[in-house]
Amino acid sequence: MTGWTADRIPDQHGRIAVVTGANSGLGLVTATELARRGARVVLAVRNTAAGQEAARRIGGDVEVRELDLARLDSVRAFAAKLAADHPAIDLLVNNAGVVLLGPRRTTADGFELHLGTNMLGHFALTGLLLGNLAAAARPRVVSLSSITHRNAHLDLDDLMFERDYRAAPAYGRSKLATTIFAVELDRRLRAAGSPIISTLAHPGLTRTNLTPRAWEHRGRLGQVIARLGLVVTQPVERGALPQLRAATDPRVRGGQFFGPSGPWETRGPVAEARLSREAADPAVGRWLWEAAGRLTGVTYL
């Protein structure tokens, strides 16, 4: 199988890269490859003990910082300390995510857990670090989408999915919201004449630790389903390639979206991916951006 590989990542010496959820899965691979090319990588993780273990595995120039995207106070504290310590940030990879296919849960701030963690936490984080990103030479924000975004639909009258909650659609909605955010971020950065570019990626169907955890609530049946998932998924090293390309390829333009090029974008070499009509709709982008600003208290652009 040919195509873009991690060997094509250019030298990253002198660059500061922040990767959320960097202690496992796609985030760990992304952080490892960036550090291998010389970047100073900030592992932004909820579990700092797991983060320290990941740092030992990665080696290179890495630091571990606590970030819980399901708590806006944690997002603010993380951003304030990071911004003070690193006046210029070259790369922000909004990689962290949660998928829990059990009963409806909420964040510390009362948001539906998937939306609050996967999109609203990253929306706030990006806004709080925007000045530091703008101070870098070739700054970039990468947001992690999913093929599930194409079958999802935002209910603008029930953004927190309080009516007739179902976990799988809630996850899909959160990934659609993340995708809409990244596309709208690109529009606003361009309009503002900012040097920052916003790009997107999705991993197709990839083996990460999220898959078995998603089915924990189903007991033994969940274990069987999780094992079957291993058969149809690609290795995490390949699943991370789209976001690594979005993060490092010098030819990437703002708004570009990368994913696997195989059947239904589930696996295969990296190529440009397809946005759903709703994800690309500027009216939906404006509505969600304004809603996210009100909900998080972080407004920008």
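Residues numbered from 1 in each chain as written. Predicted model: local features only at pLDDT ≥ 70, side-chain atom pairs only at ≥ 80, totals over all residues. Heavy atoms only, no water.

A.B. asks: What should I look at first to understand the overall build of the chain in this one?
C.D. replies: Assigned secondary structure in the chain consists of eleven helices and eight strands. Over its C-alpha trace the chain gives a radius of gyration of 18 Å, about what one expects of a compact globule, namely 19 Å for 301 residues. On the principal axes, the C-alpha backbone points of the chain span a range of 50 × 40 × 35 Å. Once local pairs closer than 6 in sequence are excluded, the contacts in the chain between residues at least 24 apart make up 73%. Element-wise, carbon and sulfur atoms account for 51% of the exposed surface of the chain, whose accessible area totals about 12,900 Å². A gap of 5 Å separates the mean positions of the 38 positive and 28 negative side-chain charges of the chain. (Helix = DSSP H or I, 4+ residues; strand = E, 2+ residues; numbered from the N terminus. Rg over C-alpha atoms; globule rule 2.2 N^0.38 Å. Contact = heavy atoms within 4.5 Å. Areas by Shrake-Rupley, 256 points an atom, 1.4 Å probe, with all protein chains shown as cover. Lys, Arg positive; Asp, Glu negative; His and termini not counted. Charge placed at Lys NZ, Arg CZ, Asp CG, Glu CD.)

A.B. asks: Is there a simple way to explain the nonpolar core in this structure?
C.D. replies: Burial of nonpolar side chains together is a common tendency in soluble globular proteins. Within the largest apolar cluster, 42 residues are counted, with the highest numbers of intra-cluster contacts made by Val18, Phe78, Met119, Leu125, Leu129 and Tyr300. Secondary structure elements with two or more residues in this core: strand 2 (40–45), helix 3 (72–85), helix 4 (113–128), helix 5 (130–134), helix 6 (167–192) and helix 11 (282–296). Apart from residues lying up to four places away in sequence, Tyr300 is in contact with Phe123, Thr126, Gly127, Leu130, Phe181, Leu185 and Trp289. Counting 35 residues, the second largest nonpolar core, distinct from the first, contains Ala6, Val62, Val236 and Ala247. (Core = buried A, V, L, I, M, F, W, Y, C linked by side-chain atoms within 4.5 Å. Buried < 20%, exposed > 50% of the residue type's maximum accessible area, 1.4 Å probe, protein only.)

A.B. asks: Even after reading the chapter, I still don't get the side chain of Ser74, so can you show me in this structure?
C.D. replies: Note on placement: Ser74 falls in helix 3. Residue class for Ser74 comes out buried when judged on its relative accessible area of 13%. Not counting residues within four places of it along the chain, the set of residues in contact with Ser74 comprises Glu66, Leu67 and Asp68.

A.B. asks: I would appreciate a short explanation of the side chain of Lys175 in the present structure.
C.D. replies: The topology assignment puts Lys175 in helix 6. Notably, Lys175 is buried but unbridged: the nearest opposite-charge side chain belongs to Glu112, and the N-O separation is 12 Å. Once you skip the residues sitting within four places of it in the chain, Lys175 turns out to touch Asn118, Leu144, Ser145, Ser146, Thr148 and His149. (Salt bridge = Lys/Arg side-chain N within 4 Å of Asp/Glu carboxyl O.)

A.B. asks: Quick question: what am I supposed to make of the sheet that holds strand 4 (residues 91–94) here?
C.D. replies: Within the open sheet, the eight strands sit side by side as 3-2-1-4-5-6-7-8. Their pairing is mixed. Each of the sheet's edge strands pairs with one partner strand only, and the pair in question is strand 3 (62–66) and strand 8 (270–272). If you compare each strand with its neighbour and ignore which way they point, the axes differ by 20 degrees on average. Inspection of the sheet shows strand 6 (residues 197–201) paired to strand 7 (residues 257–260) by two bridges, in the parallel sense. Paired with Leu200 across the two strands is Phe257, which belongs to strand 7. Contacts from helix 1 (residues 25–36) reach strand 1 (16–20), strand 2, strand 3, strand 4 and strand 5 (140–144), with the element oriented near 170 degrees to strand 1. Against the sheet, helix 4 contacts strand 1, strand 4 and strand 5, and its axis sits at roughly 170 degrees relative to strand 4. (Pairing = 2+ DSSP bridges. Axes fitted to C-alpha atoms, helices over the stretch in contact; angles between N-to-C directions.)

A.B. asks: In this structure, what is going on with the packing of helix 6 against helix 11? I would like to understand it.
C.D. replies: Two packed helices can be described by the angle between their axes and the distance between those axes. Running from N to C, helix 6 and helix 11 point in directions that differ by 100 degrees, and their axes come no closer than 9 Å. As summarised for this structure, helix 6 and helix 11 are arranged roughly perpendicular, according to the angle between their axes. Contacts from Ala177, Ile180, Phe181, Glu184, Leu185, Arg187 and Arg188 of helix 6 reach helix 11 at Pro282, Val284, Gly285, Arg286, Leu288 and Trp289. (Parallel < 35°, antiparallel > 145°, perpendicular 65-115°, else oblique.)

A.B. asks: Just checking my understanding: could you explain the pattern of salt bridges for this structure?
C.D. replies: When their charged atoms lie close together, side chains carrying opposite charge are able to pair. If you walk through the whole model with that rule in mind, you get 17 salt bridges. The partner of Asp7 in a salt bridge is Arg37, and the shortest N-O contact between them spans 4.0 Å. Taken as a pair, Asp7 in the segment before strand 1 and Arg37 in the loop between helix 1 and strand 2 lie far apart in primary sequence, 30 residues in all. Overall, the relative accessible area of 69% leaves Asp7 in the exposed class. With a relative accessible area of 15%, Arg37 lands in the buried category. Between Arg188 and Glu184 there is a salt bridge, with its nearest N and O atoms 2.7 Å apart.

A.B. asks: I'm lost on the layout of surface pockets in this one. Help?
C.D. replies: In this structure, the second largest pocket encloses a volume near 180 Å³. Forming the walls of the second largest pocket are Pro10, Asp11, Gln12, Arg15, Arg138, Pro139, Arg140, Pro195, Ile197, Ala247, Thr248 and Pro250. A class-by-class count of the residues in the lining of the second largest pocket yields six nonpolar, two polar and four charged. (1 Å grid on protein atoms, 1.4 Å probe; cavity = no way out; pocket = protein on both sides within 12 Å on 5 of 7 lines; lining within 4 Å. Points joined across faces, edges and corners; volume = space filled by probe spheres on them. Nonpolar A, V, L, I, M, F, W, Y, C, P; charged D, E, K, R; others polar.)

A.B. asks: What is the right way to look at the environment of Gly121 in this model?
C.D. replies: On the secondary structure map, Gly121 appears in helix 4. Between the C-alpha atoms of Gly121 and Ala96, which are 25 residues apart in sequence, the distance is 9.8 Å. Apart from the residues within four sequence positions on either side, Gly121 is in contact with Leu69, Val75 and Gly116.

That's the geometry; what it means functionally is another story.
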